[in-house]
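# Close look at the chain arrangement
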Amino acid sequence: MVDSQSTPARQRPSIVSISSYLLFLFLALQVISLIITLTTFGKTRDALREAYAGSATDGEQVADVFAVIGIGSSILLLLLAVVLGVLALFNNQGRNGARITTWIVGGIMVCCVGGGLLSNAAGGFNTGGGTTDGPSPEEIQRRLEEALPSWVTPVSLLLGVLSLIALIAALVLLALPKANPFFRKQTAGWEPPTPGASYPGHPQAPGQPGYPQASGEPGYPSSGEPSYPPPPPASRPDDTPPTDRPGSTPPSAS
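This section reports on the structure supplied with the text.

Reading the values: rules and limits
Residues numbered from 1 in each chain as written. Predicted model: local features only at pLDDT ≥ 70, side-chain atom pairs only at ≥ 80, totals over all residues. Heavy atoms only, no water. Helix = DSSP H or I, 4+ residues; strand = E, 2+ residues; numbered from the N terminus. Contact = heavy atoms within 4.5 Å. Areas by Shrake-Rupley, 256 points an atom, 1.4 Å probe, with all protein chains shown as cover. Salt bridge = Lys/Arg side-chain N within 4 Å of Asp/Glu carboxyl O. Buried < 20%, exposed > 50% of the residue type's maximum accessible area, 1.4 Å probe, protein only. Arc of directions from axis to C-beta. Axes fitted to C-alpha atoms, helices over the stretch in contact; angles between N-to-C directions. Parallel < 35°, antiparallel > 145°, perpendicular 65-115°, else oblique. Left-handed = near helix turned anticlockwise from the far one by under 90°. Nonpolar A, V, L, I, M, F, W, Y, C, P; charged D, E, K, R; others polar. Core = buried A, V, L, I, M, F, W, Y, C linked by side-chain atoms within 4.5 Å.

## Some thoughts on the overall build of the protein chain
Within the protein chain, the regular secondary structure consists of seven helices and two strands. Taken from the N to the C terminus, the helices and strands of the protein chain come in the order β-α-α-α-α-α-α-α-β. Relative to all contacts within the protein chain whose residues are 6 or more apart in sequence, the contacts with residues 24 or more apart total 81%. Accessible surface, the protein chain: about 17,700 Å² in total, of which carbon and sulfur atoms supply 62%.

## Overview of the pattern of salt bridges
Here the structure, examined in full by the defined rule, presents three salt bridges. As a salt-bridge pair, Arg49 and Asp46 come within 2.8 Å of each other at their nearest N and O atoms. On the criterion of helical spacing, the pair formed by Arg49 and Asp46 is a turn pair, its members being three residues apart in helix H2 (residues 41–51). Judged by its relative accessible area of 37%, Asp46 is partly exposed.

## Quick word on H2
Residues of H2 that are buried: Thr44, Ala47, Leu48 and Ala51. Across the axial projection of H2, the buried residues extend over an arc of 95 degrees, all falling on one side.

## With respect to the packing of helix H1 (residues 14–39) against helix H6 (residues 152–175)
The packing of two helices is summarised by the inter-axis angle and the distance between the axes. Interaxial distance between H1 and H6 falls to 8 Å at its minimum, and their mutual angle equals 155 degrees. The angle between the axes of H1 and H6 places the two elements in the roughly antiparallel class. Two packed elements cross with a definite hand, and for H1 against H6 that hand is left-handed. Of H6, the residues touching H1 (which contributes Ile15, Ile18, Ser19, Leu22, Leu23, Leu25, Phe26, Leu29, Gln30, Ile32, Ser33 and Ile36) are Val152, Val155, Ser156, Leu159, Leu162, Ser163, Ala166, Leu167, Ala169, Ala170, Leu173 and Leu174. When grouped by side-chain class, the residues that make up the contact of H1 with H6 number 19 nonpolar, five polar and no charged.

## So, the environment of Val65
You can see Val65 is positioned in helix H3 (residues 59–91). According to the relative accessible area criterion, Val65 is partly exposed, its value standing at 41%. On a C-alpha basis, the gap between Val65 and Arg45 in space is 9.3 Å, while along the polypeptide they are 20 residues apart.

## Notes on the packing of H2 against helix H5 (residues 137–147)
In the contact formed by H2 and H5, the axes pass within 9 Å of each other and the chain directions differ by 140 degrees. When the axis of H2 is compared with that of H5, the two are oblique. Considering how the two elements wind past one another, H2 and H5 form a crossing that is right-handed. The segment H2 lies against H5, with Lys43, Thr44, Ala47, Leu48, Glu50 and Ala51 engaging Ile140, Arg143, Leu144 and Ala147.

## Some thoughts on the side chain of Thr102
Its place among the elements puts Thr102 in helix H4 (residues 96–121). Among the residues examined, Thr102 registers a relative accessible area of 0% and is labelled buried. Among all residues touching Thr102, those that are not within four sequence positions of it are Leu23, Leu84, Leu87, Asn91, Gly107, Leu171 and Leu174.

## Overview of the nonpolar core
Counting residues in each nonpolar core, the largest one holds 24 residues, and the members touching the most others are Val16, Leu23, Phe26, Leu84, Met109, Leu167 and Phe183. Contributions of two or more residues to this core are made by H1, H3, H4, H6 and helix H7 (180–183). Ignoring sequence-local partners within four residues, the contact set of Leu167 consists of Leu23, Phe26, Leu84, Gly106, Met109 and Val110. Grouped together as the second largest cluster of nonpolar side chains are eight residues, Ala51, Val62, Ala63 and Ile140 included.

Right, here's the structure in full:
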């Protein structure tokens, strides 16, 4: 049995990729919204100053406060959108912590964007007018519409609606059950051995010599029967040397 130390590559579901694209779209929409806010900053400030010119309220101060609030909220939304863009990159890698953080930050953004749309639908800028010493909200809105280009209000509403839809859709896609296996922690799996592969033995520790063969002991032949030595020659029954050996002739008995 062979244990695999490397986890197999996971295939990212399409809903996770679409969710990341929607988060990137949300970031792009917030960049456009900030650009529009910065380009109309001067005209918005002038319209508020003129609206409070004939009242006891300091129009200069009101204009500065609401201009700072408008730019500050746009910058804050952009920073949170950048955070969502970074989280989208980690979501593509299957980080479950990034997905949870995306839900938290995304929920805050849904409240902010939705609240901004409701405020615009209720009458746009609400400076607390309507009192005896200040202009009414309708007057302030009329001056803003006269000072700003005609495309600013509908484009701002469109960007807000698209941002809200993209953000909600991205959060819902991450919560679908089909995305859960991709964000589940993967463990090292077991891979069956390849047919025909030999199992590796235990390697010998380096520096340790093998067992030498005892000297003087014959090794076993790899094949064939072992050969036996021939038997020693049989001794003669008598010690009489052969007659054909040169030497002295024994004396004859007489």
